[in-house]
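Per-entry structural report
One-letter residues, chain by chain:
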2 protein chains.
Amino acid sequence: MTVLARGSRGTRSEDVRRGNLSTLLTYVHVHGATPRSTLTSALGLNRSTIGGLTGELVAAGLVCEEPGRSYPTDDGTARSGGRPSYVVTPETERVQVLAVDVGVTHLTVARIGLGGVVLARRDRVYRRGARRPGDVTTAIAKIGTELIGEVSGDAVVLGVGVAVPGMVRRGDGLVRQAPNLGWRDAPVGAVLAEKLGLHVSVGNDADLGIRAEHVRGAAAGVLDAIYLSGHSGVGAGIIGSGTPLGGRTGYAGEVGHTVVNPGGLPCHCGSRGCWETECGEERLFELAGRPVGGGLTGVQEVVAAAAAGDRVARAALEHVAVWLGRGTANIVNALNPEVVILGGALEEVFMAAGDTVRAEFELSALAAPLDQVCIVTPHLGRDSTLVGASELAFDALLSDPLLELSRRTAS
Amino acid sequence: MTVLARGSRGTRSEDVRRGNLSTLLTYVHVHGATPRSTLTSALGLNRSTIGGLTGELVAAGLVCEEPGRSYPTDDGTARSGGRPSYVVTPETERVQVLAVDVGVTHLTVARIGLGGVVLARRDRVYRRGARRPGDVTTAIAKIGTELIGEVSGDAVVLGVGVAVPGMVRRGDGLVRQAPNLGWRDAPVGAVLAEKLGLHVSVGNDADLGIRAEHVRGAAAGVLDAIYLSGHSGVGAGIIGSGTPLGGRTGYAGEVGHTVVNPGGLPCHCGSRGCWETECGEERLFELAGRPVGGGLTGVQEVVAAAAAGDRVARAALEHVAVWLGRGTANIVNALNPEVVILGGALEEVFMAAGDTVRAEFELSALAAPLDQVCIVTPHLGRDSTLVGASELAFDALLSDPLLELSRRTAS
């Protein structure tokens, strides 16, 4: 479909090579080692063009090439005769980023190489409770500096991607509001950039969850997908028509704060009857008679108690499952996705009370979008947001590989 | 932002000219007569490239050129010396489409020329009541044939775009469900294509409303916008990150069927407490003690009565306005748009009870997206969906001007 946005630019012939370098590098970043013959057919470019592009990326140290041995052809048969196809592999050790997942009860910092390989990671677990943004950025900087210290001399760390469970302003990585961390207007991006001396991008955890699942998970190859992230509250990451949807400023996805029960409970956002007041972790804990702030471990305890016959826990789980199904139907009616991925606490609820979720979902979803959608759990498990954070940090390189690399290595 | 969709294609040099022809023709279609110098700067291409592209489009009869007289330059000053810039104008009379707006109480068929100019139109008004799809397609074909008969010999009618208030399957224009017309699985696209012998595209009315407002209305230049269409029910057309969002199959936007009041009224969709049961026309009529099915005229009557002091009408209007504000907040929290456009009956409610809509909206919207959004009425008035239907019919031409024109004129 033609998008008639005002101000679309034409394409100059010098843009073509730049765009193709981006497409090729992105392809091997997503798919890993790939024979040139596959690149030729997948990208729709001829052999000599692919050879030239690959040569530039090799010279820049972004990919390496070796002659293929007896690689199967696209149709699965072995190659017979002809030149062997070179295999193009991303330079995972040489080109790295830091990825950070800030959770309510955990902090993960990892070094991730081109191709999406986790090279090293540090995981910390916290009790729920207010943690000041300054303490968290200090911890990230300390761990990040350690991780960078391990990198060999010819490697380059391009930048940092950070996932936060809150509303993040796209332009500068200001965390406008992260209620479950107790943060407001926390300049996480700016502080980390200064501490680490690297470019830092910050994103919402659900937005990064869907990015990772879209690149290499449950929504790979899908144009319309939603990731619902349950971590105390509930947020959505949305891919629509193949594009990540952040909204005007990056705040899209606050589906936890859509009013679904106007006579319901007051919400910390100031409204009443928001979806997360009925399907969020805290509602589960309250109904199960457990202390607030149990995090994912607390949810797993309620699930285990329900499975062991605890009726109060079971009823609490059923309540949350009903509302999870109902709210998911709202989203499916509004957006007609192909895949809905339930992550974090929502995954636990779905695994333990999937029949209830589905039954309620089917009651409220319209027939046409209902026929089209699968509800699934993340393929990347708990690492969706971490991997998504690395994708954010790889963005600039993948958009314009040579420019970005020359910038980073010059600085 | 790089979109890491699998299977992205590279760009071949022969694709560049094709893409630039599309960009240039789209530009003049949207902006009307444009000096070549403006095209050069707007598209970021050099003068000789623009000259060559324009020449091809002139030869194909899609645009014409004439020497500019004393056209102002981009900064508003008059040109002094140098060659006069040619002005590129879309061939409105030569290149046309049929656009059709099927409403619950109206039918409009128009001939619209390249550049979005309405050249001729026929409007019919109906009482609400079941109209069979076959009767409607017969009426459209009859009027359409008349309109085509008026076209001069050297003109070409490229195809037909049809707006329907229902869920339309993108692939073949099957109207899967249009509750307010009483239609189910109506093959509108196929029937009209056979009757008219033209390519027919069918779309949802709200999806086409936002397209028109995005191209030449209240959302021009905006990347994230929503059009809420109130015609008996309520549907949304969504532009996200500059792209129209149809969802997997084209059914996205059924926000009227998001449950916002679980203890509320049964909805014709089979669920209960759907948004349109509280903010739709029929709820207004019911609360105002008026017969169902009054359509836009009926809504205007309630508004007039409320303005004249009818307390029952006023209370009905206030009820609907409260729910309009509340549901709009849900959408704004979920999608963080820059503009929300209220069309059809919702425009009437907003004009008559805007303070109530805004107050309720502000109660439920989160601060961050609230700061970013404007709620407005359509710039194209009642014609948004009609103009959007024409854009649908122009899509193929604008995506690949020369190919499409050769196809149409050959057949």
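Residues numbered from 1 in each chain as written. Chains lettered and ligands numbered in written order. Predicted model: local features only at pLDDT ≥ 70, side-chain atom pairs only at ≥ 80, totals over all residues. Heavy atoms only, no water.

Quick notes on the pairing of strand 7 (residues 156-164) of chain A
All names here are of chain A. Stated formally: To sort residues, take the accessible area from a 1.4 Å probe on protein chains only and compare it with the maximum for the residue type: under 20% means buried, over 50% means exposed, and anything in between is partly exposed. Comment: elements are numbered from the N terminus, with helices defined as DSSP H or I runs of at least four residues and strands as E runs of at least two. Strands pair, by our definition, only if DSSP identifies at least two bridges between them.
Across the nine residues of strand 7, nine count as buried, placing the element largely inside the fold. By the bridge criterion, six bridges tie strand 4 (residues 95-102) to strand 7 in an arrangement that is parallel. Across the sheet, glutamine 96 pairs through a bridge with valine 157, a residue of strand 7. Where strand 7 lies against strand 11 (residues 199-204), six bridges are found, and the strand directions are parallel.

Remarks on the state of the cysteines
All names here are of chain A. Using the following cut-off: When two cysteine sulfur atoms lie within 2.5 Å, the pair is treated as a disulfide.
Tallying each qualifying case throughout the model produces zero disulfides over all chains. Cysteine cysteine 267 is unpaired, with the sulfur of cysteine 269 as its nearest cysteine sulfur at 3.7 Å. Here cysteine 267 falls in the buried class, since its relative accessible area comes to 8%. With no disulfide of its own, cysteine 274 lies closest to cysteine 269 among cysteine sulfurs, the gap being 3.7 Å. The exposure class of cysteine 274 is buried, given its relative accessible area of 0%.

A short note on the sheet that holds strand 3 (residues 86-90) of chain B
Residues and elements named next belong to chain B. Let me state the cut-off plainly: Contacts between residues were defined by any pair of non-hydrogen atoms, one from each residue, lying within 4.5 Å. Axis geometry follows a simple rule: fit a line to the C-alpha atoms, using only the stretch in contact for helices, then measure angles between N-to-C directions, giving values from 0 to 180 degrees.
Spatial strand order, 1-3-2: three strands in an open sheet with antiparallel pairing. The strands lining the two open edges of the sheet, one partner per strand, are strand 1 (34-35) and strand 2 (63-67). With two bridges connecting them, strand 1 and strand 3 associate as antiparallel partners. Paired with threonine 34 across the bridge in strand 3 is valine 88. Lying over the sheet, helix 3 (residues 47-59) contacts strand 2 and strand 3, oriented at roughly 120° with respect to strand 2.

Some details on the interface of chain A and chain B
Defined as follows: Accessible area that two parts lose when put together, with a 1.4 Å probe and added across both, is what the buried area reports. Whenever Lys or Arg places a side-chain nitrogen within 4 Å of a carboxyl oxygen from Asp or Glu, that contact is recorded as a salt bridge.
With 77 residues of chain A in contact, the opposing surface of chain B contributes 78 residues. For the pairing of chain A and chain B, the buried interface totals around 6700 Å² over both sides, and the portion due to carbon and sulfur atoms is 57%. Seen at the junction of chain A and chain B, the total is four salt bridges. For arginine 248 of chain A, the salt bridge goes to glutamate 338 of chain B, with nearest N and O atoms at 3.6 Å.

As for the domain arrangement of chain A
Often the size quoted for an interface is simply the accessible area lost on bringing the parts together. Residues and elements named next belong to chain A. Where we set the bar: The domain limits used here are those given by an automatic or database domain assignment. Side-chain classes are defined by residue name, with Ala, Val, Leu, Ile, Met, Phe, Trp, Tyr, Cys and Pro counting as nonpolar, Asp, Glu, Lys and Arg as charged, and the others, Gly among them, as polar.
On domain assignment, one finds that chain A holds domain 1 (14-74 + 82-90), domain 2 (95-208 + 385-410) and domain 3 (218-378). Domain 1 and domain 2 are separated by 29 Å when their C-alpha centres are compared. Listed per partner, the contact involves twelve residues of domain 1 and 14 residues of domain 2. Contact between domain 1 and domain 2 buries roughly 1100 Å² in total, counting both sides, with carbon and sulfur atoms accounting for 69%. Interface area lost by domain 1 to domain 2 is led by Arg18, His29 and Leu62, which between them contribute 52%. Inspection of the domain 1/domain 2 interface yields one salt bridge. In this structure, arginine 18 and aspartate 400 form a salt bridge, with 2.7 Å as the shortest nitrogen-oxygen distance. Going through the elements one at a time, helix 1 (13-31) and helix 3 (47-59) are the ones with two or more residues in the side of domain 1 that touches domain 2. Considering every element that reaches the side of domain 1 that touches domain 2, the biggest residue donor is helix 1, with six residues. Of the residues in the side of domain 1 that touches domain 2, the class split is six nonpolar, four polar and two charged.

So, the packing of helix 9 (residues 295-307) of chain B against helix 11 (residues 345-364) of chain B
Axes are the key here: two packed helices are described by the angle between their axes and the distance separating the axes. All names here are of chain B. Applicable threshold: Here the angle decides the label: under 35 degrees means roughly parallel, over 145 means roughly antiparallel, 65 to 115 means roughly perpendicular, and every other value means oblique.
Packing of helix 9 against helix 11 brings their axes to within 9 Å, and their N-to-C directions diverge by 10°. One way to sum up the angle between helix 9 and helix 11 is to call them roughly parallel. Residues Leu296, Val299, Gln300 and Val303 of helix 9 form the contact with helix 11, whose own contacting residues are Ala345, Glu348 and Ala352. Split by residue class, the contact of helix 9 with helix 11 holds five nonpolar, one polar and one charged.

Focus: the sheet that holds strand 8 (residues 167-168) of chain B
Residues and elements named next belong to chain B. A sheet is described by the order of its strands in space; here three strands give the open sequence 8-9-10, paired in antiparallel fashion. Every other strand in the sheet has two partners, leaving strand 8 and strand 10 (183-186) as the edge strands with one partner each. Two strands pair when backbone bridges link them, and strand 9 (residues 175-178) and strand 10 are joined in this way by three bridges, in the antiparallel orientation. Across the sheet, the residue bridging to alanine 178 is tryptophan 183, located in strand 10.

Things to note about the relation of the copies chain A and chain B
The criterion, for reference: To line up the copies, we fit them by least squares on C-alpha atoms, keeping just the residues with pLDDT of at least 70 in both.
Once chain A has been moved 0.0 Å along the axis and rotated by 180°, it coincides with chain B to within an RMSD of 0.0 Å. Taken together, the rotation and translation describe the operation of a two-fold axis. Residue valine 260 of chain A, judged by its C-alpha, is the member of chain A lying nearest the rotation axis, at 2.2 Å.

Observations concerning the side chain of asparagine 204 of chain A
Residue and element names in this part refer to chain A. Test applied: We call two N or O atoms a polar contact when they sit within 3.5 Å, provided that within protein one can donate a hydrogen and the other can accept it, with sequence-adjacent residues counted only if both atoms are side-chain atoms.
Structurally, asparagine 204 is set in strand 11. Residue classification places asparagine 204 among the buried residues on the basis of a relative accessible area of 8%. Of note is the side chain of asparagine 204, whose polar atom sits 2.9 Å from the backbone nitrogen of alanine 206. A distance of 3.1 Å separates the side chain of asparagine 204 from the backbone nitrogen of aspartate 207, its partner in a polar contact. Leave out the neighbours within four places in its chain, and asparagine 204 touches Val164, Gly166, Val168 and Glu254.

A closer look at the pattern of salt bridges
Taken as a whole, this structure holds 47 salt bridges over all chains when the rule is applied. With a shortest N-O distance of 2.7 Å, arginine 169 of chain A and aspartate 172 of chain A are connected by a salt bridge. Note that glutamate 150 of chain B and arginine 122 of chain B form a salt bridge whose closest N and O atoms lie 2.4 Å from each other. Here arginine 122 of chain B lies in strand 6 (residues 117-125) and glutamate 150 of chain B lies in the loop between helix 4 (133-149) and strand 7 (156-164), a separation of 28 residues in the sequence. Its relative accessible area of 40% is what places glutamate 150 of chain B among the partly exposed residues. The exposure class assigned to arginine 122 of chain B is partly exposed, which follows from its relative accessible area of 21%. Three or more residues joined by partner-sharing salt bridges are found here, namely Arg111, Arg122, Lys142, Glu146 and Glu150 of chain A.

A closer look at the packing of aromatic side chains
The line we're drawing: Each Phe, Tyr or Trp ring, with Trp reduced to its six-membered ring, pairs with another whose centre is within 6.5 Å; inter-plane angles below 30 degrees give stacked pairs, above 60 give edge-to-face pairs, and intermediate values give tilted ones. Only Lys NZ and Arg CZ are tested; either one counts as a charge over a ring when it is within 6 Å of the ring centre and within 35 degrees of the ring normal.
For the structure on display, the rule yields zero aromatic pairs over all chains. Taking the ring centre of tyrosine 126 of chain A as reference, the NZ or CZ of arginine 131 of chain A above it sits at 3.9 Å.

Digging into unusual backbone geometry
Residue and element names in this part refer to chain B. Non-glycine residue aspartate 185 carries a positive phi angle of around 50°. Relative to the helices and strands, aspartate 185 resides in strand 10. Of note in this structure, serine 241 is not a glycine but carries a positive phi near 50°. Within the secondary structure layout, serine 241 lies in the loop between strand 13 (233-240) and strand 14 (243-244). Judged by relative accessible area, which is 28%, serine 241 ranks as partly exposed.

Comments concerning the confidence of the model for chain A
All names here are of chain A. Definition in use: The pLDDT value expresses, per residue, how confident the predictor is, ranging between 0 and 100.
When the pLDDT values of chain A are averaged, the result is 91; 93% of them are 70 or greater. At the level of individual helices and strands, chain A shows its lowest average pLDDT in helix 14 (residues 401-410), which scores 75, and its highest in helix 10 (residues 311-335), which scores 98. Low pLDDT (under 50) marks residues 1-7, which in the prediction has 26 contacts with non-local residues, meaning those over four places away or in another chain. Across the whole predicted complex the pTM is 0.91, and at the interface the ipTM reaches 0.91.

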